[in-house]
Amino acid sequence: MKKLLIYAPDAIGRLMAEKLPAEFGALAAAGCFKVPLQSVYPPKTPVCFASMFSGLAPVGHGIRKYEKPVLSCRTIFDALPARGVRTAIAAVKDSSIDLIFRGRRVDYFSGQDDGEVTLLALGLIEEGQHDCLLVYHQRYDDILHASAPWNAAALEAVKEHLLAFGELTRAFDTKWSGLPRAALFAPDHGAHTGPDGRGAHGDNIPDDMDVAHFWKFSPAAAQGS
Ligand SMILES: [Zn+2]
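## Describing helix α3 (residues 45-54)
Right, so step 1: α3 sits mainly inside the fold: nine of its 10 residues count as buried.
Right, so step 2: Among the residues of α3, those classed as buried are T45, P46, V47, C48, F49, A50, S51, F53 and S54.
Right, so step 3: For α3, the secondary structure elements touched by its buried residues are β1 (3-9), α4 (58-61), α5 (76-82), α6 (96-100) and β5 (132-137).
Right, so step 4: Phi turns positive one or two residues past the end of α3, at G55, with a value near 80°.

## Quick word on empty space enclosed by the protein
Right, so step 1: The tally for this structure, following the rule as stated, stands at two cavities of 30 Å³ or more.
Right, so step 2: In this structure, the largest cavity encloses a volume near 80 Å³.
Right, so step 3: Lining the largest cavity are L4, L5, L124, I125, G128, Q129, H130, D131, C132, L133, F172 and W176.
Right, so step 4: The set of elements that each furnish at least two residues to the lining of the largest cavity consists of β1, α7 (114-127) and β5.
Right, so step 5: Each residue belonging to the lining of the largest cavity can be placed in one class, and the counts come to eight nonpolar, three polar and one charged.
Right, so step 6: Size it by volume and the second largest cavity reaches roughly 40 Å³.
Right, so step 7: Contributing to the lining of the second largest cavity are I12, G13, R14, A17, F24, K34, F185, P187, A212 and F214.
Right, so step 8: Each residue belonging to the lining of the second largest cavity can be placed in one class, and the counts come to seven nonpolar, one polar and two charged.

## Here's the deal with the sheet that holds strand β4 (residues 107-111)
Right, so step 1: The strand order across the open sheet built from seven strands is β2-β9-β6-β1-β5-β3-β4, with neighbouring strands paired in mixed fashion. Of all the strands in the sheet, just β2 (33-38) and β4 have a single pairing partner and so form its edges. Strand-to-strand twist in this sheet, taken as the mean axis angle between neighbours without regard to direction, amounts to 15°.
Right, so step 2: Along the sheet face, α7 touches β3 (87-92), β4 and β5 and points at about 170° away from the line of β5.

The rules behind these values
- Residues numbered from 1 in each chain as written.
- Predicted model: local features only at pLDDT ≥ 70, side-chain atom pairs only at ≥ 80, totals over all residues.
- Heavy atoms only, no water.
- Buried < 20%, exposed > 50% of the residue type's maximum accessible area, 1.4 Å probe, protein only.
- Helix = DSSP H or I, 4+ residues; strand = E, 2+ residues; numbered from the N terminus.
- Contact = heavy atoms within 4.5 Å.
- 1 Å grid on protein atoms, 1.4 Å probe; cavity = no way out; pocket = protein on both sides within 12 Å on 5 of 7 lines; lining within 4 Å.
- Points joined across faces, edges and corners; volume = space filled by probe spheres on them.
- Nonpolar A, V, L, I, M, F, W, Y, C, P; charged D, E, K, R; others polar.
- Pairing = 2+ DSSP bridges.
- Axes fitted to C-alpha atoms, helices over the stretch in contact; angles between N-to-C directions.

Purely geometric numbers; function is a separate question.
Quick look at the structure:
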């Protein structure tokens, strides 16, 4: 069975790589390759994650604004368990990812904050009961809305997200060494500075819409075995 780790940090757009070139450069050095993508409109968290995990445009999955209903459309959280892929979601409690994919044959774990979610995810990786694990963090998004998207605290939060991705990936690679696998860094949208000086997102502008995902395939996975 192939293994997949998806790390989904909130609101880290492609522009962030220009703000933290050394940190994002380290992803390439660690074997990740970058896939530039466009977010969906409006670039709001539940709209974007619903599209990312259903493959549907907002008009198809039905979430077209900031709201968090349980999705009724088919998602990877329907398709993967149906194929015997044991799947878990670890997310901050009451976040979009914690709520909109409920009701599937998926194991759900909620933490009070990013740190708790990381511990839950590391525990799940160590137990090894799941083939696919989605992990969601939100500290950077919290900070940008409370203050600004590019200040020191915000950039520090992004560095924490990158460190968390590194820690989770190392644990995942150690656990499943020898098996075909992939780790994915997959944010939902970017952010910009709003008229009041605080961070915001939801506009059809590059700062909000341009994102980049980073894939790290194990050698076995890259050979298609
Ligand atoms: Zn936000």
